[in-house]
Amino acid sequence: MVTETASGGGATTNDQQAVYAEGQGSTEYRGVSVLMADLVGSTDLMEELGAEGYAEIIRRFHSICNNAVRKRGGVVAQYQGDGIICYFGFPQASEDDAVHAIEAALGIVEGLREAGDSMTFAARIGISSGSVMIRSDGEEIGAQAVSHEINRAARMEALAGEHTDLSCHGPRRLVGA
């Protein structure tokens, strides 16, 4: 079995998956801001555009997200269908990780508005900041993370409206809002 890696390059093999399952690799607690973004209306888009058209939309969405996140020092941890999970503060920490996550969210919204040619693109984005237990297995940096912050970011993303990012108390406190 081969699956795409979180960074979008290469693939994970059964051996790499066994390393994770056996608990190998380095694990640490880090202060991280987690950003989750999801394309709004993806089921309707799939029905309207068919598999090939939908695949192109997802590719464009992931590209916009990836560019906005990396421009602000974040790391794409996972692509999940029409969604994306990103970390700010891992593997390299900064005092402004929460600010960078919020700026990336705004960059995603702006990128989607600019990309909307004949079709309107919209995303829901959630951000949470706090302590995350995260494992790096060499090739997949931060592919496995455990924390309430990941769940909170997912909840914020689910509650957000179109072209909206919702941040829970942690990021707002960190940026002084």
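Description of the structure in this document. (Residues numbered from 1 in each chain as written. Predicted model: local features only at pLDDT ≥ 70, side-chain atom pairs only at ≥ 80, totals over all residues. Heavy atoms only, no water.)

1. Some thoughts on the overall build of the protein
The number of helices and strands found in the protein is 5 helices and 8 strands. Of the contacts made within the protein by residues no fewer than 6 positions apart, 68% connect residues no fewer than 24 positions apart. (Helix = DSSP H or I, 4+ residues; strand = E, 2+ residues; numbered from the N terminus. Contact = heavy atoms within 4.5 Å.)

2. Section: the pairing of strand β5 (residues 83–88)
Of all 6 residues in β5, 6 are buried, a share of seventy percent or more. In β5, alternate side chains face the same way, and those of G83, I85 and Y87 on one face and I84, C86 and F88 on the other are all buried. Pairing of strand β3 (residues 26–39) with β5, which is carried by 6 bridges, proceeds in the antiparallel orientation. From the neighbouring strand, S33 faces β5, where its bridge partner is F88. (Buried < 20%, exposed > 50% of the residue type's maximum accessible area, 1.4 Å probe, protein only. Pairing = 2+ DSSP bridges.)

3. Some remarks on the pairing of β3
Look at any regular strand and the pattern is simple: side chains alternate between the two faces of the sheet. Of the strand pairs in this sheet, β3 and strand β6 (residues 123–136) are connected by 14 bridges, and their pairing is antiparallel. Within the sheet, the bridge partner assigned to E28 lies in β6 and is I134.

4. Looking at the nonpolar core
Counting residues in hydrophobic clusters, the biggest one holds 27 residues, and the most contacted among them are L35, A37, I108 and I125. Sort the elements by how many residues they give to this core and helix α2 (residues 42–71) lands first, with 9 residues. Apart from the residues within four sequence positions on either side, A37 is in contact with F61, C65, D82, G83, I84, I108, R124, I125 and E157. V34, A77, Y87 and A145 belong to the second-largest nonpolar core, a separate cluster that totals 12 residues. (Core = buried A, V, L, I, M, F, W, Y, C linked by side-chain atoms within 4.5 Å.)

5. So, the state of the cysteines
Applying the stated criterion across every chain yields a total of 0 disulfides. C86 provides the cysteine sulfur closest to C65, a residue in no disulfide bond, and the two sulfurs are 6.8 Å apart. (Disulfide = S-S within 2.5 Å.)

6. Describing the packing of α2 against helix α3 (residues 97–115)
Contact geometry for α2 and α3: axes closest at 8 Å, N-to-C directions at 140 degrees. Relative to α3, the element α2 is oriented oblique. In terms of crossing hand, the pair formed by α2 and α3 is right-handed. Along the contact surface, α2 presents R60, F61, I64, C65, A68 and V69, while α3 presents A104, G107, I108, G111, L112 and A115. Of the residues assigned to the contact of α2 with α3, the class counts are 9 nonpolar, 2 polar and 1 charged. (Axes fitted to C-alpha atoms, helices over the stretch in contact; angles between N-to-C directions. Parallel < 35°, antiparallel > 145°, perpendicular 65-115°, else oblique. Left-handed = near helix turned anticlockwise from the far one by under 90°. Nonpolar A, V, L, I, M, F, W, Y, C, P; charged D, E, K, R; others polar.)

7. What about α2?
Its 30 residues give α2 an end-to-end C-alpha distance of only 25 Å, which falls more than 12% under 44 Å, the value for a rise of 1.5 Å per residue. Along α2, the sharpest change in direction is near 125 degrees and occurs at G50. Turning to α2, its buried residues are S42, L45, Y54, I57, I58, F61, H62, I64, C65, N66, A68 and V69. Tucked inside the fold, the buried residues of α2 contact β3, β4 (75–80), β5, α3 and β6. Phi turns positive one or two residues past the end of α2, at G73, with a value near 85 degrees. (Expected span 1.5 Å × (residues − 1). Bend = angle between axes of the 7 residues up to and from the residue.)

8. Section: the environment of S33
Looking at the secondary structure, you find S33 in strand β3. C-alpha separation for the pair S33 and A101, spaced 68 residues apart in sequence, amounts to 6.6 Å. Of the polar contacts made by the side chain of S33, one reaches the backbone nitrogen of A98; its length is 3.5 Å. (Polar contact = N/O pair within 3.5 Å; in protein donor to acceptor, adjacent residues only side chain to side chain.)

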